[in-house]
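Close look at the chain arrangement
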Amino acid sequence: MIIVDETGVLDNVFDQFLKSTPIFRNRDVLRHDYIPEKLLHREEQIRFLGETVAPVLKNARCSNVFIYGKTGTGKTAATKYVLGKLISRARGLGVPINVCYVNCRLTGTEYRVFSTLCQALNVRVPFTGLAVGEIFDRFKNGLDSNARFFIIVLDEIDALIKTRGDVLLYELTRMNETLCNSRVSVVGISNDLRFKEFLEPRVVSSLSEEEIVFKPYDAAELQDILFDRARLAFCDNVLLDGAVGLCAAFAAAEHGDARRALDLLRVAGELAERGGAASITEDHIRRAEKRIEHDRILEALKNLPLHSKLVVCGVYLLGKAKISYAATGDIYEIYRELCNELALSPLTQRRVSGLINELDVIGLLNARIVSMGRYGRTKKIRLGIGRSLIREVFTNDDRIERLSDYIPACLAEISGSRN
Ligand code: ADP
Ligand code: MG
C-alpha cells in the first residue's frame, strides 16, 4: 500500500524538527545503564568496595560483600565501575579472574542464573531441562577445571529470593568448601533494606562478610550529578539552572533516586524538543514529572496480580456508589462478588486485608484510621489515584472487562443496602 502524505502534515513535522534548536548532544548518557566516568558522592563506598576486592590482585580470595540501598542510589553503577577497574588491573598483573554480572530480577530463576554463570565460563548447558542440582554441578566442575578467582555479582537479588527462596545463595556461599583450584566470591546487591529477613542466618553470615550501605542522595548531591550528566547530554546553554534545581528537588522528595532525576531530565528534554523550545525550563520539568508519575501508576496497575486488581476494582466501584471511604468488610463483600462473577475462588478476608495493606504501601489505595468515638477505631480506605487511570487500565484487561456488564447491577445493590 502506498501512503501519500497529501496534506503535508509529516513534511511540516519534519521541517519543524529540523528548524528547531538542537536540545540533545548525546541522549544515550541519560540511559539507565550508562556508567559515567566519575561517580560523584560515592567515594566512600567505592573505596570500601575497592579495598574489599583488592586481595584478588595478590592472588587471595576476596570476601563476600552485601550491598544495599534504595533504587537509584548508584549501587549497580558503582559496583560495575569498581569491578571494571579491578579486571583491568588484574589483567595487567596476569591474575586469573572472571567476573560475572547477573541481574536476578531480569534473569528470573535459579536455573537461568546458573546458566548465565556457565556461559561466563564457556560451559555449555541446555536452555532448559536439567535439574538445578545438575546444572550447579556442571558449573562447579567447569569453574574448577582451571584455577581462577570468580566474582559473581548478583544484582537485585531480593527479587529472586523473595519468590524462590535462598537455596541459590546457600549453594554459592558454601561452594569454596568443595572447590580445589578456584575460589568464588559473591557480591549481592539488594534494593530492599529488609532483605536479610528473608534469609537463613547461616546465609546472612557468609554473605555479609562485608556490608556497604548506599544512602539516598540529598537534593544538593542530586544537583551535582545532574549538572555533570547534563553537560554531556545537552547542547550548551539549553538547560536552565532553575530546571536542574527543580529536578533535583523532585527526586530528593521521592527518595533521593538518581535514576528518577535523570529520567525527569530526559523526558523534559524530549518535551522541549517536541515543542520546538530553545531551552529546558522549570515548566518542562513539571510536565515531565506528571508524565512519569502517570506512566508509573499505569505500569503498577497493569502488573498487579488478578486478586489485587479485583480489590482495586472493588474500591473503585464503591466510590462510584458514593461510598468514598470504605471499610475492609465492604471491600471484601464486593470483592467476593466479583470473584463469583469470574468463577474464581475468593481469598480469605485476612489475605484480602493483607492485599489492601500492600496496595496502600504502593500508593494505589489510601488507608487511614478513623476514630468512631466509643465504638473504637476503624480503617477507612479509598483510592489513592485518579479514577480515570483505573478506567484506562481496566478497560484493556480482558478478565476485568468482562465484569463491565455486571457492574451496574452490583452498584445498585451496594447503594441500595446503604440507603
Ligand atoms: P541502583 O543500582 O542503586 O538502583 P544505579 O547504579 O542504576 O542505581 O544508578 C541509577 C542511575 O543514576 C544510573 O544512570 C547512574 O549512572 C546514575 N547515578 C547513580 N549514582 C550516580 C553518581 N553518584 N554519579 C553519577 N551518576 C550516578
Ligand atoms: Mg541497580
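Right, let's walk through the structure included here. Sequence order as written defines the numbering, with residues in each chain counted from 1. Lettering for chains starts from A, numbering for ligands starts from 1, and both go in the order in which the items are written. Two thresholds apply to this predicted model, a pLDDT of at least 70 for residue-level local features and 80 or more for giving and counting side-chain atom pairs, whereas whole-chain, interface and lining totals are computed over all residues. Side-chain measures were taken over the full set of non-hydrogen atoms in the model, leaving aside hydrogen atoms and water.

1. Topic: the overall build of the chain
Scanning the chain from N- to C-terminus turns up 19 helices and 7 strands. When checking whether two residues touch, look at their non-hydrogen atoms; a contact exists if any pair is within 4.5 Å. The long-range share in the chain, meaning contacts at least 24 apart out of those at least 6 apart in sequence, stands at 72%. Every accessible area reported is derived by Shrake-Rupley at a probe size of 1.4 Å, with residue values counting cover from the shown protein chains alone. Looking at the chain as shown, the accessible area adds up to about 22,400 Å², and 50% of this sits on carbon and sulfur atoms. Across the chain, the mean location of the 58 positive side-chain charges is 3 Å away from that of the 55 negative side-chain charges. Each helix is a run of DSSP H or I of at least 4 residues and each strand a run of E of at least 2, with the numbering of both proceeding from the N terminus. The sign given to each residue is positive for Lys and Arg and negative for Asp and Glu; His and the chain ends receive no count. Where a charge lies is defined by one atom per residue type: Lys uses NZ, Arg uses CZ, Asp uses CG and Glu uses CD.

2. Description of the pairing of strand β7 (residues 377–383)
Pairing between two strands is assigned when DSSP locates at least 2 bridges connecting them. In the sheet, strand β6 (residues 365–371) pairs with β7 via 7 bridges, with the strands oriented antiparallel. When the bridges of β7 are listed, Asn366 appears paired with Arg382. Adjacent in sequence and paired antiparallel, β6 and β7 are bridged by 5 residues, among which Gly373 carries a positive phi angle near 60°.

3. A short note on the side chain of Glu273
Locating Glu273 in the fold gives a position in helix α12 (residues 258–274). Each residue's exposure class comes from its accessible area (1.4 Å probe, protein chains only) as a fraction of the maximum for that residue type: buried when under 20%, exposed when over 50%, partly exposed otherwise. Classification of Glu273 as buried rests on a relative accessible area of 15%. Pairs of N or O atoms within 3.5 Å make up the polar contacts considered here, provided that, within protein, one atom can donate a hydrogen while the other can accept it, and that residues adjacent in sequence are counted only when both atoms are side-chain atoms. Of note is the side chain of Glu273, whose polar atom sits 3.1 Å from the side chain of Arg27. Not counting residues within four places of it along the chain, the set of residues in contact with Glu273 comprises Phe17, Ile23, Phe24 and Arg27.

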